[in-house]
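Survey of secondary and tertiary structure
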Amino acid sequence: GESVGLHLPTLSVQEGDNSIINCAYSNSASDYFIWYKQESGKGPQFIIDIRSNMDKRQGQRVTVLLNKTVKHLSLQIAATQPGDSAVYFCAENIMGQNFVFGPGTRLSVLP
Amino acid sequence: GAGVSQSPSNKVTEKGKDVELRCDPISGHTALYWYRQSLGQGLEFLIYFQGNSAPDKSGLPSDRFSAERTGGSVSTLTIQRTQQEDSAVYLCASSSAGDTQYFGPGTRLTVL
């Protein structure tokens, strides 16, 4: 994982709007990707994953999009709620190797 | 158990002392990971155990850091001669090979 300093990128959205959090991953051989949510004082919590043989996967209110051509991953949250406020991390993995985490994005939901 | 557990939840120590942090992974998970997270920052990989293979220690910041995984289950992360810059939250995660990682709540280490 990387750490990029004390100030995480921040995304502010109005409650009820859709959120899009982006992540550029580093290894074109990565075949598994995860989005995590981390609330203050807690460990990261799994949200949704996707394997490299897919380009879209949907969960409850969340969608992950994978663009392998440009090594880009995004997390879309529909109808963002105050409880969605957290830091979101993407992670990439090659089977049998370690996970590599992105720097994280802080999502702030405005009332 | 239901999830990954870590102990202690908080540890305050004096500079120069040794500390041991414990991780109990989810039963049956063959992979175990240790990460460090400083305040407001991302996850820094420390070490990765997979089954009986030699661990990937490439993330350990210095030779003061070491980890063991006994019997393919419980893991202990040891930091010798702690320094103030070691203060952070230490997170443990486990997974089945090629599958999602599940994180524990972390141990907050404060070195005075």
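Preceding block: the structure.
**So, the sheet that holds strand 3 (residues 19-24) of chain B**
All names here are of chain B.
- Pairing within the open sheet is antiparallel, and its four strands lie in the order 1-3-7-6. The outermost strands of the open sheet, each flanked by one partner alone, are strand 1 (5-7) and strand 6 (65-69). Within this sheet the neighbouring strands show an average axis-to-axis angle of 15°, counted without direction.

**Quick look at the pattern of salt bridges**
- This structure, assessed with the given rule, holds six salt bridges over all chains.
- Ionic pairing is found between D49 of chain A and R57 of chain A, a salt bridge with its closest N-O pair at 2.2 Å.
- By relative accessible area, D49 of chain A is classed as buried at 9%.
- Across the pair R64 of chain B and D86 of chain B runs a salt bridge whose closest N-O atoms are separated by 2.8 Å. Note that R64 of chain B is positioned in the loop between strand 5 (44-50) and strand 6 and D86 of chain B in the loop between strand 7 (75-79) and strand 8 (88-95), a separation of 22 residues in sequence.
- By relative accessible area, R64 of chain B is classed as buried at 12%.

**Brief notes about the side chain of R69 of chain B**
Residue and element names in this part refer to chain B.
- If you trace the backbone, R69 turns up in strand 6.
- In terms of polar contacts, R69 uses its side chain to reach the backbone carbonyl oxygen of H29, at 3.0 Å.
- Polar side-chain contacts of R69 include one of 2.9 Å to the backbone oxygen of S73.
- Here R69 is in contact with P25, H29, T30, A31, L32, F49, V74 and S75, once residues within four sequence places are set aside.

Rules used throughout
- Residues numbered from 1 in each chain as written.
- Chains lettered and ligands numbered in written order.
- Predicted model: local features only at pLDDT ≥ 70, side-chain atom pairs only at ≥ 80, totals over all residues.
- Heavy atoms only, no water.
- Pairing = 2+ DSSP bridges.
- Helix = DSSP H or I, 4+ residues; strand = E, 2+ residues; numbered from the N terminus.
- Axes fitted to C-alpha atoms, helices over the stretch in contact; angles between N-to-C directions.
- Salt bridge = Lys/Arg side-chain N within 4 Å of Asp/Glu carboxyl O.
- Buried < 20%, exposed > 50% of the residue type's maximum accessible area, 1.4 Å probe, protein only.
- Polar contact = N/O pair within 3.5 Å; in protein donor to acceptor, adjacent residues only side chain to side chain.
- Contact = heavy atoms within 4.5 Å.

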